[in-house]
Amino acid sequence: MCENIPPPPDRGTDVDSMDRETISRVAKVARLNLTEEEMERYAKDLDDILNSFSVLDEAPAGDSYSFNPIPVVDVLREDEPAQDIDPQVLRAQMCTYQDYVRGPRLS
Amino acid sequence: MSVIYDLIRHAQLRHRAFTEVVDVLDETKFHFSAKDNLCAVGFQARAGSAVLDGYRPPFDATPVSRLRRAGGQLIGKTTMDEFGFGTFSTNSAHGVPLNPFDVERSCGGSSGGAGAAACLIPGHIALGVSTGGSISGPASFCGVVGLTPTYGRVSRYGLIDYGNSLDKVGLLARSASLVARHFRTIAGPDPKDPTSCAQPALPEKGDMPRSLAVPKEALQNLDPSVHDAFQAALLKFKDMGTEVHEVSMPSLRFALPAYYILATSEASTNLARYCGMRFGRREEELNQHFNDFFTGVRSEGFGDEAKRRILLGTFCRMVGFRSRYYLKSLAVRQLLIEEYRQVFRDHDAVVTPTMPFVAPLFEEIGRMKPLEMYGADVLTVPPNLTGMPHISVPCAYVHGMPVGMQMVADHWKELDLLEAASAWEKAFDYRFPEVAP
Amino acid sequence: MKIGLEMHFQLPTRSKLFCSCPTTSAEPNHNVCPVCLGYPGSRPSLNRKALEAGLAIARFLDCTIEERVWFSRKTYFYPDLPKNFQITQYESPLGTDGHFDLNGRRIGIWRVHLEEDPGRIKRVGRSGEEIAFVDYNRSGIPLVEIVTAPDLTSPEEAREFIDQLVTELRSLCGLEAQDEQSVRVDANISLGEERVEVKNVQGLRNLERALKFEASRQSKLLAAGKKVVRETRRFDEERKVTSSAREKETEEDYGYIGEPDLGEFRIGEMARNLDLKETPLVRAKRLVSSFGIGEATAKQLVLTSVALTDLFEELCRHVPPERAVSWTTGPISGNWAVLQDPAKWPEIVQIVKDDSDGRINDNEAKRRILSLAGVQQESALEGGDDLSKLISDFVDAHPEVLADYRKNPKAANTVIGHVMKESKGRHSSKEVVEEVRKELEKRV
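Residues numbered from 1 in each chain as written. Chains lettered and ligands numbered in written order. Predicted model: local features only at pLDDT ≥ 70, side-chain atom pairs only at ≥ 80, totals over all residues.

With that settled, consider the overall build of chain A. Looking only at helices and strands, one finds three helices and three strands in chain A. Counting all 107 residues of chain A, 30% fall into the buried class. (Helix = DSSP H or I, 4+ residues; strand = E, 2+ residues; numbered from the N terminus. Buried ≥ 20, exposed ≤ 12 C-beta atoms within 10 Å, placed from the backbone.)

Next up on the list: the environment of C:G54. Residues and elements named next belong to chain C. Relative to the elements of secondary structure, G54 occurs in helix α1 (residues 48–60). A residue is classified by how many C-beta atoms lie within 10 Å of it, and G54, with 29 of them, is buried. Sequence spacing of G54 and E208 is 154 residues, and the spatial spacing of their C-alpha atoms is 26 Å. In contact with G54, not counting residues within four places along its chain, are L94, V112, L114 and V144. (Contact = placed C-beta atoms within 7 Å.)

Residues and elements named next belong to chain C. If you trace the backbone, H99 turns up in strand β7 (residues 95–102). As for H99 and F71, which are separated by 28 residues in sequence, their C-alpha atoms are 24 Å apart. Excluding residues that lie within four positions of it along the chain, H99 makes contacts with L61, D62, R106, I107, G108 and I109.

The subject of this paragraph is the sheet that holds strand β10 (residues 131–135) of chain C. Read from one edge of the open sheet, four strands run β2(A)-β3(A)-β10(C)-β9(C), paired in antiparallel fashion. With one partner strand each, in any of the chains shown, β2 (96–97) of chain A together with β9 (120–124) of chain C form the two edges of the open sheet. Examined bridge by bridge, strand β3 (residues 100–105) of chain A and β10(C) share three bridges and lie antiparallel to one another. Following the sheet pairing, A:V101 is matched in β10(C) by C:V134. (Pairing = 2+ DSSP bridges.)

Here we take up the domain arrangement of chain C. Structurally, chain C comprises domain 1 (2–178 + 246–272) and domain 2 (280–443). Distance between the C-alpha centres of domain 1 of chain C and domain 2 of chain C: 46 Å. (Domains from an automatic or database assignment.)

Another aspect to go through is the interface of chain C and chain B. Between chain C and chain B, the residue contacts involve 26 residues of the former and 35 residues of the latter. A per-class count over the side of chain C that touches chain B returns 12 nonpolar, eight polar and six charged. (Nonpolar A, V, L, I, M, F, W, Y, C, P; charged D, E, K, R; others polar.)

Residues and elements named next belong to chain A. Of all residues in chain A, 85% have pLDDT values of 70 or greater, and the mean over the chain is 86. Confidence, read as mean pLDDT per element, is least for β2 in chain A (92) and greatest for strand β1 (residues 76–77) (98). The low-confidence segment residues 1–9 (pLDDT under 50) makes eight contacts with residues lying over four places distant or belonging to another chain. Segment residues 11–15: pLDDT under 50, and five contacts once partners within four positions in sequence are set aside and those in other chains are kept. (pLDDT = per-residue confidence, 0-100.)

It is worth spelling out helix α15 (residues 429–443) of chain C at this point. One full turn of an α-helix is made of 3.6 residues, so residues set three or four places apart face in the same direction. Residues and elements named next belong to chain C. End to end, α15 covers 21 Å across 15 residues, agreeing with the expected 21 Å (1.5 Å per residue, within 8%). Residues of α15 that are buried include every one of V432, V436, E439 and L440, and no others. End-on, the buried residues of α15 take up no more than an arc of 95°, which puts them together on one face. α15 presents K430, K438, E441 and K442 as exposed residues on the side facing more than 90 degrees away from its buried surface. (Expected span 1.5 Å × (residues − 1). Arc of directions from axis to C-beta.)

Core analysis: the largest hydrophobic core is formed by 244 residues, its most contacted members being B:V145 and C:I57. Considering every element that reaches this core, the biggest residue donor is helix α7 (residues 252–270) of chain B, with 11 residues. Contact partners of B:V145, with chain neighbours within four places excluded, come to B:A139, B:L172, B:A173, B:R174, B:S175, B:A176, B:V179, B:I391, B:V393 and B:A421. Counting residues in each nonpolar core, the second largest holds 19 residues, with C:F312, C:L315, C:A324 and C:I348 among its members. (Core = buried A, V, L, I, M, F, W, Y, C linked by C-beta atoms within 7 Å.)

With that out of the way, let us pick up unusual backbone geometry. Peptide bonds are trans in most cases, and residues, glycine excluded, mostly fall at negative phi. With an omega dihedral of 5°, the bond running from B:G109 to B:S110 counts as a cis peptide bond. Not every positive phi belongs to a glycine, and C:D97 is a case in point at roughly 65°. Take C:D97: there are 14 C-beta atoms within 10 Å of it, and that puts it in the partly exposed class. With phi around 50°, C:N103 is a residue other than glycine that occupies positive phi space. Structurally, C:N103 can be placed in the loop between β7 and β8 (105–116).

The end-to-end C-alpha separation of helix α8 (residues 290–301) of chain B is 16 Å, in line with the 16 Å expected for 12 residues at 1.5 Å each. What α8(B) keeps buried is the set B:F290, B:F293, B:F294, B:T295, B:V297, B:R298 and B:G301. In this structure, the buried side of α8(B) is in contact with β3 of chain A together with β10 of chain C.

Residues and elements named next belong to chain B. Ordered in space as β1-β3-β2-β4-β6-β5-β10-β11-β9-β7-β8, the 11 strands form an open sheet in which the pairing is mixed. Looking at strand neighbours, the two that pair on one side only are β1 (18–21) and β8 (243–247), the edges of this open sheet. Recorded for the sheet is a direction-independent mean angle of 30° between the axes of neighbouring strands. In this sheet, strand β3 (residues 72–78) lies alongside strand β2 (residues 30–35) in parallel orientation, the contact comprising six bridges. Across the sheet, the residue bridging to A34 is K77, located in β3. Set on the sheet, helix α14 (residues 414–427) makes contact with β5 (145–148), β9 (349–353), β10 (390–398) and β11 (401–408); between it and β10 the angle comes to about 20°. (Axes fitted to C-alpha atoms, helices over the stretch in contact; angles between N-to-C directions.)

A word on the packing of helix α1 (residues 20–29) of chain A against helix α2 (residues 36–52) of chain A. A pair of packed helices can be characterised by two numbers: the angle between their axes and the separation between those axes. Residue and element names in this part refer to chain A. The geometry of α1 relative to α2 is characterised by a closest axis approach of 9 Å and an angle of 100° between their N-to-C directions. The pairing of α1 with α2 is recorded here as roughly perpendicular in orientation. Listed contacts from α2 to R20, I23 and S24 of α1 are M39, Y42, A43 and L46. Of the residues that constitute the contact of α1 with α2, the class distribution is five nonpolar, one polar and one charged. (Parallel < 35°, antiparallel > 145°, perpendicular 65-115°, else oblique.)

Glancing now at the interface of chain B and chain A. Taken together, the 59 residues of chain B in the interface contact 48 residues of chain A. Those elements that place two or more of their residues in the side of chain B that touches chain A are α7, α8, α9 (304–317), α10 (323–346) and α12 (370–375) of chain B. When residues of the side of chain B that touches chain A are assigned to their parent elements, the largest contribution, 12 residues, is made by α10(B). Here the side of chain B that touches chain A is composed, by residue class, of 31 nonpolar, 19 polar and nine charged.

Residues and elements named next belong to chain B. Remark: α7 packs on α9, axes separated minimally by 7 Å, with the N-to-C direction vectors making an angle of 100°. As summarised for this structure, α7 and α9 are arranged roughly perpendicular, according to the angle between their axes. Every residue of α9 that contacts α7 at I261, T264, S265, A267 and S268 is listed here: R309, I310, L312, G313, T314, C316 and R317. For the contact of α7 with α9, the residue count by class is five nonpolar, five polar and two charged.

Structural data, given as structure tokens:
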């Protein structure tokens, strides 16, 4: 992105019910095909779960955050090339053709 | 053949503790097992999921390789909930493990097979993994000792991820001394897992906790038999000369939601790689657009609970919801760490029952809604969220089923917990099921 | 016209950003391991050299350096992405709010950050049915992403900007010569109010073409009274046009979360302690301001050779800068192959100094330099006579030049041109001009 667009503000504390449109979008983002039955069921499940989780709104927001429960700071690796595993072993496991990994279609 | 090998086979065939076992036991080595989300050369690693069928890792997870190098033989991979998603090991694509005390009941989860193996096989040490309580829960339901070390104490290299800020590799066995013996082997920094490189060295020995704190919030909504068993255990501790105090930890009520949001957010990104390229199941026609191919593989391969958690986690990270769920949960984790620290100023460990009930019947589990199942983790989630070490030990038997008690210490104080557990098992006899020849 | 660029450069480390695989060129899928293949159970560890290179760039561009940075996961699905998420510092850049001096104008730099390269796809098959064949050698190579403000004002300026930036970064942190293929740029260009993004342009020539096409396209639209639609376009290298990127069929929501496996990095201290090399163009500016030499001369020096510029600066300590320039750009650079040996420099300095102080004359100084360079003496001697002879011979053969010269001094140029050509650069242009003038004046 060539500009620092701030993210749209959250939808606040009014609880959006997990509707079919939202669950459908989430499923697309996650690359999951859901049947009609699954859509309804998961929508209901997520709705229940998120409603129950709304107790979090009562917790204070922090000002800075960490992604680990213990401090993990400045752990660095020296720039030395090394390969523990023979890449031939890895290639043999994958679906390859002339050493390229065969993938699906692009269009 | 040997008695031990018979027991291993019994655990596999009668209780479905293992997805795979070796054909031959090497009697010169000590025997250990690894949960099926730990990679090991010579075995598949499927993490309880169909999406990884056929995957044979070309490397050992660090804890596995350390135990192998210390003279251990990996004798099998234990059954588990898919990717760790579950509290009863019922979400397994490779067989649901059956409780050693009562085959109609769950082993707990997600390290259910490890709990069963540790219980059924004397002298056995089982590698388990906990994200929200998946070592404690099976330890409690299967009547064994389960140690969940501090987050970052044991390398996670080679562990198939559920939640990177929550996963810990730990141990289950029949006694604290067995656990203690192997804990030092697997602990310690590993450059391949940077989060394991922040730990202080393990001290020579631990200190016996002198003062235990019981948060009153943890005593709500317990099965009455568990409540009574726990109170009896506390009395025993007092007899042993340990002080027991009631405390209040009001932030405990935020732990469950914060945990599930962080865990599923991280998991939904970890599971993105399962798409039929390079490893795992690929039974989808390659000759189609990549989005269709990926979607096909994933929809076929993931189980119901996995899909639910992927959806939940994806949602909580999305633009418009991220602050309220994902970022807030990060803040709650820090809040809870602070609250535990306050308690640890005056006490050495926090004690609660491990689970709100004994191992449920499968038919009871079948009637539970997802939210109810998540609720079963209410006592194990808090120390898992904060990354604090905790140990579950059997403290009572109710109608023949074990009841577990969980002790939590501050970061890095595993050895204190092991001291407490050692002292406890001198005062309280553990029972193990008789195995019919 | 406003143009902003988002550039990706590969950093010159020996191992990848998050694993120890080599970064040398190799057969497909030979520089791979479980980490850069995204195998279950693998996890990243950060290459120190990459972080230092990124910090050097951020400091060089005068960015505000954050005290604390971390990495995020950007999740999306594509066959070249082993984990189906990219680990990037997008949310937590190394530096922000910097600038680059382009010929006296400031180009704003919005951000500098690190991220990993995905694998490389080889498209196989008929157009419209292409299959992805993936080579993961490139997967995990460290990239630095540099994003500019929309301060560039023309396609040519955009190209020159990247040229200069790359020159500087090559010196600063050993960035590989970015040939036509290896610069990857997303460009934003607007003539009116709406911005159009042209994504994934490979190489400088294509970038210039794409921007020129886009500028022309937008200008035609506006001239016809139509609006420019804000959109993302792709550049077709073969047809040399930009076209609307197909409507994305599937939703992408990158759903950024922090990457817990790497932890955080307190880079403030690391950045402050970095010793930055003086880059060529920065050095050129300093030479201009310190020694008063011309900008073109300064640039010529720094872009020719660091060592030559070092010698030039050394000479400036002993003789006036103009002399240092003429010796450096003349016989010294003419014989640089031999004279680049630093063991010879004290003697060179002495010769130039002696010449400047008048202890020896220009010819003698030149003779000594050439001798030091191992050039044969006879040709050096001939050099001296040779010039006068060349000039006299020419004027003798072309008396009309003398007549022209009486009317207009510019006629000397004819003689100068011929002599320069004949002497094949043995003499500096200044010397030739002087000698020609002298000879012509003598005869007039």
